Amino acid sequence: MKLCEGRVAIVTGAGRGLGRAHALKLAEHGAKVVVNDLGSTAAGIGADVSPAQEVVNEIVANGGAAVVDDSDVASWEGAKALVRKAVDSFGGLDVVVNNAGILRDRMLINMTEDEWDSVIRVHMKSTFAMTHHAANYWRLLQKEGKPIDARVINTTSHSGLYCNIGQSNYAAAKAGIASFSIVAARELQRYGVTVNAIAPRATTRMTEGLREWTEEQLAMRDPEWVASIVTWLASAEAKNVSGRVFEAWGYGFTVAESWQHGATSPASKNPAEIGERIRDIVARSRKNAGIDIGQELDP
């Protein structure tokens, strides 16, 4: 069964890795795909449209429909142009998968302003800009009385959810995307749009060299596992699922629960009175979750 037959999808950062897997799986399930990628390095340097074109060629060779796009989705006009290209190419837009991203890892005391700004721009601004322009397209359709069953699927990270050292820029951006997704889901539900986020664990060029993986671990980190849940979330079957963050890899799909209230103490306007109370509620509250499943860390 093809879950996305006739749906039009944009996938950003779709030339390699996870984005490529998303585009191919969506096309396999009948979606018409706009394959967007600047073709830069993992650090965001340079441009080369050929990886995205290769994905388009593969989709077309397999009988699907796809077009290439090299817009800079972290720019306001680039994101707007990409939404317009989907509509002009395929007559509409149903799904936006925000996957574009770069890495510029460094301990925060050594991180430069550009290393911070560039990562925040590519991850957070592109997610906002693409969602903004797509949502306005769907809002106008709804005003015209047309039914909307649209999807935004964003990409967060375990680094953002559980805080990996050496990635203060990347973690901040990805944590922001997780929160943004929940807010956007609440705002856009009135227009018939669902918004979810995934935290993938996959082997791509952005994770190469981080550690040595066993053959089993590599198999469980195949991007196709993640593309499976992205494709389901893009389908009509997922119309009642919104505002959730999913961890995804071959070991399973998990709902990542957001911040929860811990222990509470009486308040006081006198800071000299609250020390014992604060130590008590810290001791009675759960530790922060760690980057590995089941791991908890002291703050």
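To be clear, the structure that these remarks concern was listed above.
Numbers given to residues run from 1 along each chain, matching the order in which its sequence is written. Local features in a predicted model are, by the rule used here, given only for residues with pLDDT of at least 70; side-chain atom pairs are given and counted only at 80 or more, and totals for whole chains, interfaces and linings are based on all residues. Note: side-chain values were computed over all heavy atoms of the structure, leaving out hydrogens and water.

## What about the overall build of the chain?
Test applied: Elements are defined by DSSP. Helices are runs of H or I of four residues or more, strands are runs of E of two residues or more, and each kind is numbered from the N terminus. To get the radius of gyration, use the C-alpha atoms; to get the globule rule, take the number of residues to the power 0.38 and multiply by 2.2 Å. Note on exposure labels: buried denotes an accessible area under 20% of the residue type's maximum, exposed denotes more than 50%, and partly exposed covers the range between, all computed with a 1.4 Å probe on protein chains only.
Helix and strand content of the chain: nine helices and ten strands. Against the globule reference of 19 Å for 299 residues, the chain gives a C-alpha radius of gyration of 20 Å, in line with a compact fold. Across its three principal directions, the C-alpha atoms of the chain cover 70 × 50 × 40 Å. Expressed as a percentage of the 299 residues in the chain, the buried residues total 46%.

## Some points on the packing of helix 4 (residues 113-143) against helix 6 (residues 168-188)
Inclusion rule: Fitted lines through C-alpha atoms serve as axes, helices being fitted only where they are in contact, and the angles separating the N-to-C directions of these axes extend from 0 to 180 degrees. The scheme is simple: roughly parallel for angles under 35 degrees, roughly antiparallel for over 145, roughly perpendicular for 65 to 115, oblique for anything else. Helix crossings get a hand from a simple test, with the near helix turned counterclockwise from the far one by less than a right angle marking a left-handed crossing and a clockwise turn marking a right-handed one. Should any heavy atoms of two residues lie within 4.5 Å, those residues are counted as being in contact.
Where helix 4 contacts helix 6, the axes come no closer than 8 Å and their chain directions differ by 15°. When the axis of helix 4 is compared with that of helix 6, the two are roughly parallel. The element helix 4 and its partner helix 6 pack so that their crossing is right-handed. Here helix 4 contributes Glu 115, Trp 116, Val 119, Ile 120, His 123, Met 124, Thr 127, Phe 128, Thr 131 and Ala 135 to the contact with helix 6, which in turn contributes Ser 168, Asn 169, Tyr 170, Ala 172, Ala 173, Lys 174, Gly 176, Ile 177, Phe 180 and Leu 188.

## With respect to the pattern of salt bridges
How we decide: One side-chain nitrogen of Lys or Arg within 4 Å of one carboxyl oxygen of Asp or Glu is enough to make a salt bridge.
A complete count under the given rule lists twelve salt bridges for this structure. In this structure, Asp 72 engages Arg 121 in a salt bridge whose closest nitrogen and oxygen atoms are separated by 2.6 Å. Residue Asp 72 is located in the loop between strand 3 (66-69) and helix 3 (76-90), and its partner Arg 121 is located in helix 4; the two are separated by 49 residues in the primary sequence. Residue Asp 72 is classed as partly exposed on the basis of its relative accessible area, which comes to 25%. Residue classification places Arg 121 among the partly exposed positions, given a relative accessible area of 34%.

## Concerning the environment of Met 1
Mapped onto the fold, Met 1 is located in the segment before strand 1 (8-11). Distance in space between the C-alpha atoms of Met 1 and His 29 is 7.6 Å, their sequence separation being 28 residues. Apart from residues no more than four positions distant in its own chain, Met 1 is found in contact with His 29 and Glu 237.

## Details of the sheet that holds strand 7 (residues 245-249)
Condition: By definition, two strands form a pair when at least two bridges between them are found by DSSP.
A sheet is described by the order of its strands in space; here eight strands give the open sequence 3-2-1-4-5-6-7-8, paired in mixed fashion. Both outer strands of the open sheet, strand 3 and strand 8 (252-255), are each paired with one neighbouring strand and no more. Within the sheet, the average angular offset between the axes of one strand and its neighbour, ignoring direction, is 20°. The sheet contact formed by strand 7 and strand 8 spans four bridges and is antiparallel. Along strand 8, the bridge assignment pairs Glu 247 with Thr 254. Of the strands in this sheet, strand 1, strand 2 (32-36), strand 4 (95-98) and strand 6 (193-200) touch helix 1 (residues 17-28), which is tilted by about 170° from strand 1. Relative to the sheet, helix 2 (residues 50-61) contacts strand 2 and strand 3, its axis offset from that of strand 3 by approximately 175°.

## Quick notes on the packing of aromatic side chains
Selection criterion: Pairing of aromatic side chains requires ring centres within 6.5 Å, counting the rings of Phe and Tyr and the six-membered ring of Trp. Pairs whose planes differ by under 30 degrees are stacked, by over 60 edge-to-face, and all others tilted.
Following the criterion strictly, the structure yields three aromatic pairs and no others. Ring geometry for Trp 76 versus Phe 128: centroids 5.5 Å apart, planes at 35°, classification tilted. Here Trp 76, found in helix 3, pairs with Phe 128, found in helix 4; they are 52 residues apart in sequence, far enough to count as distant. The class for Trp 76 is partly exposed, based on a relative accessible area of 33%. You can call Phe 128 partly exposed: its relative accessible area is 40%. With centroids separated by 4.7 Å and ring planes inclined at 65°, the aromatic side chains of Trp 249 and Tyr 251 adopt a geometry described as edge-to-face. Among the aromatic residues, those joined into a ring-pair cluster are Trp 76, Phe 128 and Phe 180.

## Points about the pairing of strand 1
Put simply, the rule reads: Crossover handedness is defined here as right-handed if the route from the first strand over the helix to the second strand goes clockwise, with the strands pointing away from the viewer.
Along strand 1, one buried face is formed by Val 8 and Ile 10 and the opposite face, lined by Ala 9 and Val 11, is buried too. In this structure, strand 1 lies alongside strand 2, joined through four bridges in parallel fashion. Looking at strand 2, one finds that Val 8 is bridged to Lys 32. In this region the chain leaves strand 1, passes through helix 1 and returns to the parallel neighbour strand 2; the handedness of that crossover is right-handed.

Take it as geometry only, folks, not as evidence of what the structure does.
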